[in-house]
Amino acid sequence: MKVKSWTALALSACMAASLAACGGSGAGESGTKGAGETKEAGESTGESDAKSDASGAELSVTIWDNNQEPGIKEILADFTKETGIQTKISVVKWNEYWTMLEAGAQGGSLPDVFWMHSNESERYMSNDMLLDLTDKIKESDKIKVENYPEDIWGLYTYKDHYYAVPKDIDTIALWYNKKLFDEAGLAYPTADWTWDDLTEAAKKLTKPDGSQYGLALKMDNNQAGYYNLVYDKGGYIINEDKTRSGWDDPKTIEGMNILAGWLKDGVIPSAQTQTENGEDVLLQSGKAAMALQGSWMVAAYRDNEYTAENCDIVELPKDAVTGKRVSIYNGLGWAAAKNGKHTEEAWKLIEYLGSEEAQRKQAELGITMSAYKGTSDAWAKSAKFNLQAYLNMMDDMVIRPYSKSTVTWETADNEIITKVYTGELTMEEACKKMAEQMNEKLAEEK
Amino acid sequence: MGEKRRGLSPRERSEWFWGWLFIFPTVLGLIVLNIIPIFQTIYQSFFKTGDFGKGNIFVGLKNYQKVFGDQEIWQALANTFRYAVVEVPFSIALSLVLAVLLNRKMRGRSFYRTVIFLPMVAAPAAVALVWRWLFNTEFGLINHVFKSSVSWISDPGIAIYSIAVIGIWSILGYNMVLFLAGLQEIPHDFYEAAEIDGASGVDSFFHITLPLLSPTIFFVMITRVIGALQVFDLIYMVIDETSPALPKTESLVYLFYRYSFVNKNIGYGSTIVVLLLLVTLLITVFQMLAQKKWVYYG
């Protein structure tokens, strides 16, 4: 027994050793790189040594939008050609993206370079998770603050320090299905439309049997959807110093009542329908004749056969009373991890991505409109749609409402709005409720 | 070595040593991945947690007070129960019948067994995606075949049961395999003797199969109840965030996910899981006590 058991132990020890050897060989290989440079090979501790070698560094880049991946890959390839720094891009879908980033921030393993969004930026900046770019921007000859919209810098500025370089800018416009307009014998929407014109057209485009609706507007489509109505009427969602909600402002409610009217007229599909099939699916299947969509959706509609063939874009309608045509806008930023291993290289990449050259290329490739002023004109020619409408919407823009806990109050808002769609609440009740919960959460931020 | 083990024979000692050696990797995994996090979670439930695990503020039982006064939590608990009450009995009854049928000698037995077990091998995300389309109100196969327009997964009244149907479908194969293993243990003589005495197939099922299989049924029931109370992925994947059915379908684990990972309120999220832990413990203890009434250890 004893002899047997000891042989077994010896055997398993051998196996374990061989396993460890397997695992170790990777580190060993990268270790040899470092060993070549240091005289005492024994001291080289493998991985960290080899990676501090600039030429061996590979920057991890993480984004959340599949549609932008091919274009961004091209720009990253240009960067590698210019600097010799390798990059590796990964795409993580929006929801998982923030879970992953949160875990990465907490565990000290953020990607080297990644997208930042106004919903979350303040949490990351105020907790010192992002690389401070202030001095680097000052010294840079490629990044000049005045070349990008001030409000987008604002999203990524904390206590007068910059933590990200603006990547893009997005505006909102109206998508419509030409085929359905033709069938109904209606003229296409124009830039002179008011919201009342949209209402009238939507009524005519809605079929009573539920096979076709005038407009798709999902319950959580705030940025591209109802926020624009609110600001057209002169209302607001959050005040300047982010302490109070504007949901219960009479003008805000007035704007939201336009949406309530559409719901009452039945020109918008039910909450059930839209929760199962998003605005994009409804537009792509000819079930909805119009939709309010952000410029980030262009790539998806360009690549969809049906929408490429049948749909086009026009500026958002104006408000008949105030004459305002506001587009909510937002812009992503390129940020880097503060405790990353290659912060120097990461900055080089961010500087490159923000440079006029890369920003122009981003527009030309049709990835998105670029944040760098004057580089987006090329974008208007990147697809057969009337993309100029999105550029024209830049004339009157309001930055997407945000605070430190944007996600928390937005999630609750969406849940309340859904109840207006299902008829459980009137729009006015909903607005009051949203103001209440939002004020509560804003108070907790302090 | 301690005083107590002096009395052990060399053989016992060797068994002790090897026993621990072999379970060591598993125990280590359990401690690192399960046991330590359990205590951390309980610990965190007494805090208002700061961003990225920094700046936690001790708040005593405040989170618990909030949980008990939170309508949303009780609704989620009710949803979870509603799911469990449908999923567990149906999945057990159906898989038991399937197991008995597939325990006989018949053509294509392995084929059927494999087909029924397949959902277990499929990735949950893929399963959810396929069912989402089957259930789709506008374009779904089910509504298309039955010429109906039921909102299977977004009507608050029925969505949770639609989810339970997916749950039953996914777990059927696994339960069946466990029951098949249990059925092989039952000696064939019993059935022969019963047959000679003139018992029908149904009689044998109720008087031989069921009692002798009861330990397996008990095991499956305990694990399934615990599993059902933890339902999350199906709801997360199938029910859209804006769905009007969400308030009537979100489970406790779903709320935990939302508070911890979307709203980043880890303290409150932890409190929700601690509540779930207590509920699960209570139900399991109750089941353990009740087993004396019906489980037959031959």
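Residues numbered from 1 in each chain as written. Chains lettered and ligands numbered in written order. Predicted model: local features only at pLDDT ≥ 70, side-chain atom pairs only at ≥ 80, totals over all residues.

## Observations regarding the sheet that holds strand E8 (residues 213-216) of chain A
Residues and elements named next belong to chain A.
Then, number 1: Ordered in space as E8-E9-E7-E10, the four strands form an open sheet in which the pairing is mixed. Strands with a single pairing partner mark the edges of an open sheet, and in this sheet they are E8 and strand E10 (311-314). With direction set aside, neighbouring strand axes in the sheet form an average angle of 25°.
Then, number 2: With four bridges joining them, strand E7 (residues 172-177) and E10 adopt antiparallel strand pairing. (Pairing = 2+ DSSP bridges. Helix = DSSP H or I, 4+ residues; strand = E, 2+ residues; numbered from the N terminus. Axes fitted to C-alpha atoms, helices over the stretch in contact; angles between N-to-C directions.)

## Digging into unusual backbone geometry
All names here are of chain A.
Then, number 1: Of note in this structure, Lys159 is not a glycine but carries a positive phi near 50°.
Then, number 2: Mapped onto the elements of the fold, Lys159 is located in the loop between strand E4 (157-158) and strand E5 (161-162).
Then, number 3: Here Lys159 falls in the exposed class, since 6 other C-beta atoms lie within 10 Å of it. (Buried ≥ 20, exposed ≤ 12 C-beta atoms within 10 Å, placed from the backbone.)

## A word on the domain arrangement of chain A
All names here are of chain A.
Then, number 1: Segmenting chain A into domains produces domain 1 (55-169 + 331-381) and domain 2 (172-329 + 405-445).
Then, number 2: On a C-alpha basis, the centroid separation for the pair domain 1 and domain 2 is 30 Å.
Then, number 3: Across the boundary between the two partners, domain 1 contributes eight residues, which contact seven residues of domain 2.
Then, number 4: Partitioned by chemical class, the residues of the side of domain 1 that touches domain 2 number two nonpolar, five polar and one charged. (Domains from an automatic or database assignment. Contact = placed C-beta atoms within 7 Å. Nonpolar A, V, L, I, M, F, W, Y, C, P; charged D, E, K, R; others polar.)

## Describing the interface of chain B and chain A
Then, number 1: Each partner contributes residues to the interface: chain B has 21 residues there, and chain A has 24 residues.
Then, number 2: In terms of residue class, the side of chain B that touches chain A is built from five nonpolar, nine polar and seven charged.

## Topic: the pairing of strand E9 (residues 288-294) of chain A
One face of the sheet, then the other: side chains in a regular strand alternate in exactly this way.
All names here are of chain A.
Then, number 1: Of all seven residues in E9, seven are buried, a share of seventy percent or more.
Then, number 2: Alignment of E7 against E9, held across five bridges, turns out to be antiparallel. Its bridge partner lying in E9, Ala173 is registered against Gln293.
Then, number 3: One ladder, built from three bridges, connects E8 with E9; its direction is parallel.

## A word on the sheet that holds strand E2 (residues 86-91) of chain A
Residues and elements named next belong to chain A.
Then, number 1: Taking strand neighbours across the sheet as the criterion, the five strands line up as E2-E1-E3-E12-E6 in an open arrangement whose pairing is mixed. The two strands at the open ends of the sheet, each matched to only one other strand, are E2 and strand E6 (165-166).
Then, number 2: Pairing geometry for strand E1 (residues 58-63) and strand E3 (residues 113-116), over two bridges, is parallel. Across the sheet, Thr62 pairs through a bridge with Phe114, a residue of E3.
Then, number 3: Relative to strand E12 (residues 333-336), helix H16 (residues 343-354) is tilted by about 170°, and along the sheet it contacts E1, E2, E3, E6 and E12.

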